[in-house]
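Fold and geometry: a report
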Amino acid sequence: MAGFTRASAHVTSVPESSEAAGVESLALQACDDIDSLHAVHRAYACLEKLIVPQGVNDTEEVYPTRTELSALVRVVNEELQRRVETADTTMQSLRVALSEGGAR
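Residues numbered from 1 in each chain as written. Predicted model: local features only at pLDDT ≥ 70, side-chain atom pairs only at ≥ 80, totals over all residues. Heavy atoms only, no water.

For the rest of this paragraph, the subject is the overall build of the protein chain. Broken down by element type, the protein chain carries 4 helices and 0 strands. When the helices and strands of the protein chain are listed from N to C terminus, the series reads α-α-α-α. With 104 residues in all, the protein chain has 9% of them scored as buried. Long-range pairs, those at least 24 residues apart, make up 42% of the contacts in the protein chain between residues at least 6 apart in sequence. For the protein chain, the computed accessible surface area is about 8,800 Å², with 61% contributed by carbon and sulfur atoms. (Helix = DSSP H or I, 4+ residues; strand = E, 2+ residues; numbered from the N terminus. Buried < 20%, exposed > 50% of the residue type's maximum accessible area, 1.4 Å probe, protein only. Contact = heavy atoms within 4.5 Å. Areas by Shrake-Rupley, 256 points an atom, 1.4 Å probe, with all protein chains shown as cover.)

In structure tokens, the structure reads:
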């Protein structure tokens, strides 16, 4: 309780509208993060079904669902896009650095 009281006293020094906007932003980010974790979990379930041998008679356990396959493709595409953007940013920075070095 003492820690809560101190935290409350510190937070009240921030204007209420700014505090509410910050809390709302954090809540939205938390929801997005949880959705992302669910997608990764579905992708993992898909991979697990493809790799780990299951009972042959239980087709629902053996074959990944369309949702799981979709999650797998989405996670792979997002990571690929992130890496392409990182490489592109690096190349642009390198071009700028090289052109500045040539101008000197």
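From this point, things continue past the structure.
With that out of the way, let us pick up the confidence of the model for the protein chain. Residues with a pLDDT of 70 or more make up 72% of the protein chain, whose mean pLDDT is 75. The secondary structure element of the protein chain with the lowest average pLDDT is helix α1 (residues 2-11), at 41, and the one with the highest is helix α4 (residues 66-103), at 85. (pLDDT = per-residue confidence, 0-100.)

Counting through the fold element by element, Glu-79 comes out in helix α4. Residue Glu-79 is classed as partly exposed on the basis of its relative accessible area of 29%. Of the polar contacts made by the side chain of Glu-79, one reaches the side chain of Arg-82; its length is 2.5 Å. (Polar contact = N/O pair within 3.5 Å; in protein donor to acceptor, adjacent residues only side chain to side chain.)

This next bit is on the pattern of salt bridges. This structure, assessed with the given rule, holds 2 salt bridges. Arg-82 is paired through a salt bridge with Glu-79; the nearest N and O atoms lie 2.5 Å apart. Note that Arg-82 and Glu-79 are positioned in helix α4 at a spacing of 3 residues, about one turn of the helix. The partner of Glu-79 in a salt bridge is Arg-83, and the shortest N-O contact between them spans 2.7 Å. In this pair, Glu-79 and Arg-83 are both assigned in helix α4, 4 residues apart and thus about one turn of the helix distant. Residue Arg-83 is classed as exposed on the basis of its relative accessible area of 53%. Counted as one network, the salt bridges with shared partners bring together Glu-79, Arg-82 and Arg-83. (Salt bridge = Lys/Arg side-chain N within 4 Å of Asp/Glu carboxyl O.)

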